[in-house]
Amino acid sequence: MKPQVLLYTRDPNFDSLLREALSGTGAIVRIARTVADALQIVCQRGRNLDFALMDFDGGCRGMTLLSAVHTCYEQLPILVTTSEDADHATAVAYANGARSCLTKPRHASMLTAAIADLNATHYQLVAA
């Protein structure tokens, strides 16, 4: 079965970066541009999602989404990226259920490594 990923971002360049990072995996990327769209995806497909990637460059909306998704699907691994006020955003993201946070990468290889780490950690948690 193909992996399914929720991507919440307003940055079309980030879409391309994620697709490049996931190339060869056959992953289905479900892109949400608004919190409402992301919540609809989570409500319809939440149990089928393998992980979520949330780009926090859009301000506090991402934090609201992160909290809601984590409340609904505590086991869903969530990776947060940010380029604004990274220290504060990282602390708040971890407090709201993110499993991993990183400064918004500029190269797909950085994102590929972060996703691999996220998935490895998730499967270790599930197996424990």
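Quick note: structure is the one above.
Keep in mind the model is a prediction, meaning the values are calculated, not measured.

## As for the packing of aromatic side chains
Part 1 of the argument: The final tally for this structure, using the stated rule, is zero aromatic pairs.
Part 2 of the argument: The ring centre of Phe14 lies 5.2 Å from the NZ or CZ of Lys104, which sits over that ring.

## Re the state of the cysteines
Part 1 of the argument: Tallied over the entire structure, the rule returns zero disulfides.
Part 2 of the argument: Not part of a disulfide, Cys72 finds its nearest cysteine sulfur in Cys43, a span of 6.0 Å.
Part 3 of the argument: We classify Cys72 as partly exposed; its relative accessible area is 48%.

## Considering the side chain of Ser100
Part 1 of the argument: Mapping Ser100 onto the fold places it in strand E5 (residues 100–103).
Part 2 of the argument: A relative accessible area of 17% places Ser100 in the buried class.

## What about the pairing of strand E1 (residues 4–8)?
Regular strands place side chains that alternate from one sheet face to the opposite one.
Part 1 of the argument: E1 sits mainly inside the fold: five of its five residues count as buried.
Part 2 of the argument: Side-chain alternation along E1 places Gln4, Leu6 and Tyr8 on one buried face and Val5 and Leu7 on a second face that is also buried.
Part 3 of the argument: Of the strand pairs in this sheet, E1 and strand E2 (residues 28–32) are connected by five bridges, and their pairing is parallel. Directly across from Tyr8, in E2, lies its bridge partner Ala32.
Part 4 of the argument: In this view, the connection linking E1 to its parallel neighbour E2 by way of helix H1 (residues 12–21) has right-handed handedness.
Part 5 of the argument: Here E1 runs beside strand E3 (residues 51–55); their pairing, made up of four bridges, is parallel. Note on E3: the bridge partner recorded for Tyr8 is Met54.

## Some thoughts on the sheet that holds E1
Part 1 of the argument: Pairing in this open sheet of five strands is parallel, and the strands run E2-E1-E3-E4-E5 from one edge to the other. Where the open sheet ends on each side, the last strands, each with one partner, are E2 and E5. Neighbouring strand axes in the sheet, compared pairwise and without regard to direction, differ in orientation by 20° on average.
Part 2 of the argument: Contacts from helix H4 (residues 86–95) reach strand E4 (78–82) and E5, with the element oriented near 165° to E5.

## Focus: the nonpolar core
As a rule of thumb, nonpolar side chains are buried together in soluble globular proteins.
Part 1 of the argument: Of all hydrophobic cores here, the largest spans 23 residues; its most connected members are Leu6, Met54, Leu66, Ile78, Val80 and Ala93.
Part 2 of the argument: Secondary-structure elements contributing two or more residues to this core are E1, helix H2 (35–45), E3, helix H3 (60–72), E4 and H4.
Part 3 of the argument: When near neighbours in sequence (up to four residues on either side) are disregarded, Leu66 contacts Met54, Phe56, Ile78, Val80, Ala93, Asn96, Gly97 and Ala98.

Calculation notes
Residues numbered from 1 in each chain as written. Predicted model: local features only at pLDDT ≥ 70, side-chain atom pairs only at ≥ 80, totals over all residues. Heavy atoms only, no water. Phe/Tyr/Trp six-rings, centres within 6.5 Å; stacked < 30°, edge-to-face > 60°. Lys NZ or Arg CZ within 6 Å of the ring centre and 35° of its normal. Disulfide = S-S within 2.5 Å. Buried < 20%, exposed > 50% of the residue type's maximum accessible area, 1.4 Å probe, protein only. Helix = DSSP H or I, 4+ residues; strand = E, 2+ residues; numbered from the N terminus. Pairing = 2+ DSSP bridges. Right-handed = clockwise from strand over helix to strand, strands pointing away. Axes fitted to C-alpha atoms, helices over the stretch in contact; angles between N-to-C directions. Contact = heavy atoms within 4.5 Å. Core = buried A, V, L, I, M, F, W, Y, C linked by side-chain atoms within 4.5 Å.

The values reported here are purely geometric and, on their own, carry no functional implication.
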